[in-house]
Amino acid sequence: MPIALWALTVSAFAIGTTEFVIVGLIPTMAADLGVSLPSAGLLVSLYALGVAIGAPVFTALSGRWPRKQLLLALMLLFTAGNLLAWLAPGYGALVLARVLTGLAHGVFFSIGSTIATSLVPREKAASAIATMFSGLTVALVTGVPLGTFIGQHFGWRATFLAVAALGLIAFVASLAFVPRKLAQPAPASLLHQLEPLRQPRLLLVYAMTAVGYGGSFIAFTYLAPILQQISGISANGVSLVLLVYGISVAVGNVWGGKLADKRGPIGALKLIFLGLAAVLFVLSVTAQSPIAAVLTVLAWGAFAFGNVPGLQVYVVQQAEAHAPKAVDVASGLNIAAFNLGIAGGAWGGGLIVERLGLIHTPWIGAIVVLGAFALTVLAGRLDRRFPCRRAPPAPPRSPWAIDRARPRTTPQERASARTIPISLRFPPTTSRSSS
């Protein structure tokens, strides 16, 4: 793989770290800033809203910018946002910093996949995307627990300074190694990007994504205070638990892709949503015991992001049937739905913590996840009742991409593309991956 691709991977690692590291720092930040846990949790919501807004809106507005210039500008904005968080004199400035970095996150993953695929031959496009998005997986496995450790021992501001340094490294690497002349897709209007929102079947998929992740993040946003205040785990222990969680997420994402290959997206999603709801219900009971809580969190990681491949495969299938001219746009909007779910889950979790208490977030989150299961069952029934004919889909360039100019492919290339496993076509997030 070209070295320019690794520069994109470093950027993905930095962005993934700054999105999720705050989960491990919420108790520390709340105490230092003199705000409540729900107010600290709101920083997760505002970041996710920045991603959800930045992806479709600012990608459309920047459609005519040269790709390398836009990439460098995004990494500068990302670095500036983390420096602002490091220097933030109070809660308000920190909110602004999180929104700015969220905007950069959304646009980066909208253009990152098109840049990655332009760096390699067409037959290696999926591998290029998998390489870039491996940065998100590594962020969950190493960046988040390490950032939490730094914040707990040197102050939460030190974590943002470290992430800003990563952003600067990614900027320099992109400046040095990403080619100046990159493929420039035809710019798309904002109205074109919102076209899939007119399709009820696509709206149903977005609802599945938002509700499923919203339920999970009701509890995940407050995982650190749950472990510290209810399970009795030390601050240092929380870092280790997050490391275990990240490893489990990486394994679960691969398992989720294979499951979607074997059972189809609907069959896989029903199983994963049920498993996720069950784990959250169990956590409401096991949270009182340190060992049992850690084992439950380990199982949680396996289900938490295992639904990404199935959701992305399904949204592409529905887009090819109902919005064939906006398949990549529909895929990108699913990432916006992912981040809207995070925002809503973090906000709702804050209300629960404030009015009921920390221990109630897991079981309420489980009920919300069951809502996503019900929507998935409904989608499966609609598929059986109204089967749609569509051409065999070529894999989207990325589950996070908002790509406006899908190049034409030969029948031989499409046949080759269909042999790529789902777990490779749709590499892990967070968000946005995650998004």
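Residues numbered from 1 in each chain as written. Predicted model: local features only at pLDDT ≥ 70, side-chain atom pairs only at ≥ 80, totals over all residues. Heavy atoms only, no water.

**Regarding the packing of aromatic side chains**
Piece 1. Across all of its chains, the model carries 11 aromatic pairs by this definition.
Piece 2. Plain terms: the ring middles of Tyr213 and Phe305 are 5.8 Å apart, the flat faces sit at 45 degrees to each other, and that makes the pair tilted. Remark: Phe305 occurs in the loop between α12 (290-304) and α13 (308-322) and Tyr213 occurs in helix α9 (residues 200-220); sequence separation between them is 92 residues.
Piece 3. For Tyr213, a relative accessible area of 3% puts it in the buried group.
Piece 4. With a relative accessible area of 3%, Phe305 lands in the buried category. (Phe/Tyr/Trp six-rings, centres within 6.5 Å; stacked < 30°, edge-to-face > 60°. Helix = DSSP H or I, 4+ residues; strand = E, 2+ residues; numbered from the N terminus. Buried < 20%, exposed > 50% of the residue type's maximum accessible area, 1.4 Å probe, protein only.)

**Structural notes on helix α7 (residues 156-177)**
Piece 1. The first and last C-alpha atoms of α7 sit 32 Å apart over 22 residues, in line with the 32 Å expected at 1.5 Å per residue.
Piece 2. Considered for burial, the residues of α7 that qualify are Trp156, Thr159, Phe160, Val163, Ala164, Gly167, Ala170, Phe171, Ala173 and Ser174. (Expected span 1.5 Å × (residues − 1).)

**Focus: helix α4 (residues 67-87)**
Piece 1. End to end, α4 covers 30 Å across 21 residues, agreeing with the expected 30 Å (1.5 Å per residue, within 8%).
Piece 2. For α4, the full list of buried residues reads Arg67, Lys68, Leu70, Leu71, Leu72, Leu74, Met75, Phe78, Thr79, Gly81, Asn82 and Ala85.
Piece 3. Contact partners of the buried residues in α4: α1 (3-20), α5 (91-118) and α7. (Contact = heavy atoms within 4.5 Å.)

**Details of the side chain of Thr101**
Piece 1. Counting through the fold element by element, Thr101 comes out in helix α5.
Piece 2. Here Thr101 falls in the buried class, since its relative accessible area comes to 2%.
Piece 3. Reaching out from Thr101, the side chain makes a polar contact with the backbone oxygen of Ala97 at a distance of 3.1 Å.
Piece 4. Here the side chain of Thr101 touches Arg98 through a polar contact of 2.9 Å, landing on its backbone oxygen. (Polar contact = N/O pair within 3.5 Å; in protein donor to acceptor, adjacent residues only side chain to side chain.)

**Quick word on the packing of α4 against α5**
Between two packed helices, the angle of one axis relative to the other and the distance separating the axes together describe the packing.
Piece 1. It is at 8 Å that the axes of α4 and α5 come closest, and there the two elements cross at 155 degrees. Relative to α5, the element α4 lies roughly antiparallel. The element α4 and its partner α5 pack so that their crossing is left-handed. On α5, the residues that touch Arg67, Leu70, Leu71, Leu74, Met75, Leu77, Phe78, Gly81, Asn82, Leu84 and Ala85 of α4 are Ala93, Leu94, Leu96, Ala97, Leu100, Thr101, Ala104, Val107, Phe108, Ile111 and Ile115. (Axes fitted to C-alpha atoms, helices over the stretch in contact; angles between N-to-C directions. Parallel < 35°, antiparallel > 145°, perpendicular 65-115°, else oblique. Left-handed = near helix turned anticlockwise from the far one by under 90°.)

**A look at the pattern of salt bridges**
Piece 1. If you walk through the whole model with that rule in mind, you get one salt bridge.
Piece 2. When the shortest N-O distance is used, the salt bridge between Asp383 and Arg201 registers 2.4 Å. With Asp383 in helix α15 (residues 361-385) and Arg201 in helix α9, this residue pair connects regions lying 182 residues apart in the sequence.
Piece 3. A residue is classified by how much of its surface remains accessible, and Asp383, at 23% relative accessible area, is partly exposed. (Salt bridge = Lys/Arg side-chain N within 4 Å of Asp/Glu carboxyl O.)

**A short note on a nonpolar patch on the surface**
Piece 1. Taken together, the side chains of Leu49, Ile53, Phe58, Leu61 and Leu340 make up a nonpolar region of the molecular surface, amounting to roughly 460 Å² of accessible area.
Piece 2. At four residues, helix α3 (residues 37-61) tops the list of elements feeding residues into the nonpolar patch.
Piece 3. Within the secondary structure, Ile53 is located in helix α3.
Piece 4. A relative accessible area of 45% means that Ile53 is categorised as partly exposed. (Patch = residues over 30% accessible without salt bridge, like charges linked within 9 Å, V, L, I, M, F, W, Y side chains within 5 Å. Areas by Shrake-Rupley, 256 points an atom, 1.4 Å probe, with all protein chains shown as cover.)

**Some points on the confidence of the model for the chain**
Reading fine detail from the predicted coordinates is not recommended where pLDDT is low.
Piece 1. Averaged over all residues, the pLDDT of the chain equals 83, while 86% of them reach at least 70.
Piece 2. Here helix α17 (residues 422-425) stands out as the least confident element of the chain, with mean pLDDT 37; α15 is the most confident, with 95.
Piece 3. Note that residues 391-435 has pLDDT below 50 and, in this model, 150 contacts with residues that lie over four places away or in other chains. (pLDDT = per-residue confidence, 0-100.)

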